[in-house]
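# Chains, contacts and geometry: an overview
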Amino acid sequence: MTRKQTDIVVVGGGMIGLSLATKLAQQGRQVTVIERHDQPELTEELALRVSALNDRSRSVLADCGAWQKIQAHRTGPYKSMQVWDKDSPAHIEFSAAEINAEDIGAIVENNVAEHFLWESAEQAGVEIIKTDSWSLVSAGDDSSPAEVKVGEQLLSANLVIGADGGRSQVRQFTELPISFWDYEQRGIVANIRTEQPHNGVARQVFLPTGPLALLPTPNPHIVSIVWSADEPLAVQLLNETPERFAKQVETESGRVLGACECVSDIKAFPLRMQYARQWFHQRIVLAGDAAHTIHPLAGQGANLGFGDVNELCEQLQGVDLKALNDLTKRLSAYQRARKADTQVMIAAMELFKRGFGTANPVVKGLRALAFAIPNKFTPLKRKLAEVALGSN
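Computed from a predicted structure; not experimentally measured.

With that out of the way, let us pick up empty space enclosed by the protein. Scanning the model with the defined rule gives one cavity of 30 Å³ or more in all. Quantified by volume, the largest cavity comes out at close to 60 Å³. Taken together, Leu46, Ala47, Val50, Ile107, Val108, Glu109, Asn191, Thr217, Pro218 and Ser224 make up the full set of residues lining the largest cavity. Looking at the lining of the largest cavity element by element, the count peaks at three residues for strand β7 (residues 105-109). For the lining of the largest cavity, the residue count by class is six nonpolar, three polar and one charged.

Moving on: helix α7 (residues 242-252). Residues Phe245, Ala246, Gln248, Val249, Glu250 and Glu252 constitute the buried set of α7. Lining the buried residues of α7 we find β12 (178-194), β13 (201-206), β14 (212-216), β15 (222-230), α6 (231-238) and β16 (260-262). A positive backbone phi angle near 70° is found at Gly254, which sits one or two residues after α7.

Turning next to helix α2 (residues 55-63). When we look at burial in α2, the residues that qualify are Ser57, Arg58, Val60 and Leu61. For α2, the angular spread of buried residues about the axis comes to 150°, placing them on one side. Among the residues of α2, the N-terminal cap falls to Asn54, whose side-chain oxygen and the backbone nitrogen of Arg56 are separated by 3.1 Å. Downstream of α2 by one or two residues, Gly65 has phi in the positive range, about 80°.

All right, on to the nonpolar core then. Within the largest apolar cluster, 92 residues are counted, with the highest numbers of intra-cluster contacts made by Ile70, Val148, Val160, Ile161, Phe306 and Leu316. The next biggest cluster of nonpolar side chains, apart from the first, holds 21 residues, and it includes Ala190, Ala234, Phe245 and Cys260.

Take the pattern of salt bridges next. Inspection of the entire model under this criterion finds 16 salt bridges. Among the salt bridges present, the one from Glu109 reaches Arg74, with a minimum N-O distance of 2.7 Å. Remark: Arg74 occurs in the loop between α3 (67-73) and β4 (76-78) and Glu109 occurs in strand β7; sequence separation between them is 35 residues. Its relative accessible area of 13% is what places Arg74 among the buried residues. Glu231 serves as the salt-bridge partner of Arg186, at 2.7 Å between the closest nitrogen and oxygen. Highlighted residues: Arg186 in strand β12 and Glu231 in helix α6, separated in sequence by 45 residues. Exposure remark for Arg186: the relative accessible area of 25% places this residue in the partly exposed category. Owing to a relative accessible area of 29%, Glu231 belongs among the partly exposed residues under this scheme. Ionic contacts of the salt-bridge type, sharing partners, join the residues Glu195, Lys247, Glu250 and Arg255 into one network.

Two elements in contact, helix α1 (residues 15-26) and α2, have axes whose closest approach is 9 Å; the angle formed by their N-to-C orientations is 55°. The angle between α1 and α2 falls in the class oblique. At the point where α1 passes α2, the crossing takes the left-handed sense. Facing Ser19, Lys23 and Gln26 of α1, the residues of α2 in contact are Val60, Leu61 and Asp63. Of the residues belonging to the contact of α1 with α2, the class tally is two nonpolar, two polar and two charged.

Here the focus is the state of the cysteines. By definition, a disulfide links the sulfur atoms of two cysteine residues through a covalent bond. A complete count under the given rule lists zero disulfides for this structure. Cysteine Cys64 is unpaired, with the sulfur of Cys313 as its nearest cysteine sulfur at 7.8 Å. Relative accessible area serves as the criterion here: at 5%, Cys64 is assigned to the buried category. Cys260 supplies the cysteine sulfur nearest to Cys262, a cysteine that is in no disulfide, at a spacing of 9.9 Å.

Before going further, it helps to spend a moment on unusual backbone geometry. Negative phi characterises most residues that are not glycine, and trans characterises most peptide bonds. In the Ramachandran plot, Arg255 falls in the positive-phi region, its phi being about 50° despite a non-glycine side chain. Relative to the helices and strands, Arg255 is located in the loop between α7 and β16. Although it is not a glycine, Gln282 adopts a positive phi angle of roughly 55°. On the basis of relative accessible area, Gln282 is assigned to the partly exposed category, the value being 30%.

Further remarks concern the layout of surface pockets. Taken as a whole, the second largest pocket encloses approximately 220 Å³ of empty space. Taken together, Glu44, Glu45, Leu46, Leu48, Arg74, Asn191, Ile222, Val263, Ser264, Asp265 and Lys267 make up the full set of residues lining the second largest pocket. Taken together, the residues of the lining of the second largest pocket sort by class into four nonpolar, two polar and five charged.

The next subject is the sheet that holds β4. Across the sheet, three strands lie side by side as β3-β7-β4; this open sheet has antiparallel pairing. Looking at which strands have only one partner, the edges of the open sheet turn out to be β3 (50-53) and β4. Within this sheet the neighbouring strands show an average axis-to-axis angle of 20°, counted without direction. Bridge count between β3 and β7: four bridges; the pairing is antiparallel. What sits directly across from Ser51, in β7, is Val108.

Rules and cut-offs
Residues numbered from 1 in each chain as written. Predicted model: local features only at pLDDT ≥ 70, side-chain atom pairs only at ≥ 80, totals over all residues. Heavy atoms only, no water. 1 Å grid on protein atoms, 1.4 Å probe; cavity = no way out; pocket = protein on both sides within 12 Å on 5 of 7 lines; lining within 4 Å. Points joined across faces, edges and corners; volume = space filled by probe spheres on them. Helix = DSSP H or I, 4+ residues; strand = E, 2+ residues; numbered from the N terminus. Nonpolar A, V, L, I, M, F, W, Y, C, P; charged D, E, K, R; others polar. Buried < 20%, exposed > 50% of the residue type's maximum accessible area, 1.4 Å probe, protein only. Contact = heavy atoms within 4.5 Å. Arc of directions from axis to C-beta. Polar contact = N/O pair within 3.5 Å; in protein donor to acceptor, adjacent residues only side chain to side chain. Core = buried A, V, L, I, M, F, W, Y, C linked by side-chain atoms within 4.5 Å. Salt bridge = Lys/Arg side-chain N within 4 Å of Asp/Glu carboxyl O. Axes fitted to C-alpha atoms, helices over the stretch in contact; angles between N-to-C directions. Parallel < 35°, antiparallel > 145°, perpendicular 65-115°, else oblique. Left-handed = near helix turned anticlockwise from the far one by under 90°. Disulfide = S-S within 2.5 Å. Pairing = 2+ DSSP bridges.

Dropping the structure here:
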């Protein structure tokens, strides 16, 4: 078995892993990425898995040299947001104009972002190893590096970053404790052609069985939907014909965009909250979905991950990775900062989920009042828009 020394191994070549690898390589680090899939290909068809990226997330991509290419290829910027409750008068609208911004966010296909981040990583000198045959051998200690076995090669690294998703093998190896609960919902995704143009507005309607989001794509008459449906409804929806499924979207959205037609496959994924109580051990640290997954109702999952990228790269700037004491101090600071943001977001998502997932008339009245207040008072609306933009 051959042995190879590198500064940092990043496990996971998604948006978060590739962003970390690129930014750390730009700091002069020798970085190796382990990823099981090939570089995603660009296609004419709109992908089903998308992310709503705020300004800070796009800044990370710009730092990597990828945002300019993503933007030139295909993005769906949105200039305003409309959120309403199907079973009450509760509604709120806010726009980029209220905070003197060009937009509030942009809908980006995950595979498009990953395609261009892959290019950026390689241009920055990152080595990308495509394999699903790897295992962690050692978490390292004060006198020895962490070790990752890749095929017949043993990689020795001063730091291993687990950016390998919600089912992170890195997290499982280190036995870092997690808190989690199952929302008993599935996120159903599809692309829907609409009679009326979306006009660059991100829309979300809260239903008793879960929120339905209609996200603008570059095509003015196609929206990407994310329907967080309770399990019984999800089973029913997935058994519908594309025509009947589109009719359900049309009906439950109050025909806000007129007649609907399904123009893609219909896919689903289980929804659960998951949160690592400890984010690092020895020379191993977590980032992105490996550390936290949240409900998609506010589209903040990817933005939390890019927040991890910013903080971790900032903490690692100039640190001697070989000195475990110094590294531990920086990883502790990273954990403190990111756990605080993550806990706030998880609490907010849980409040929304429970507050809107009930038909209780008292709760319905309270949420109508809660929506009416920010919709009438411009300073509070402006603050909500700033939070969505990531400029707070």
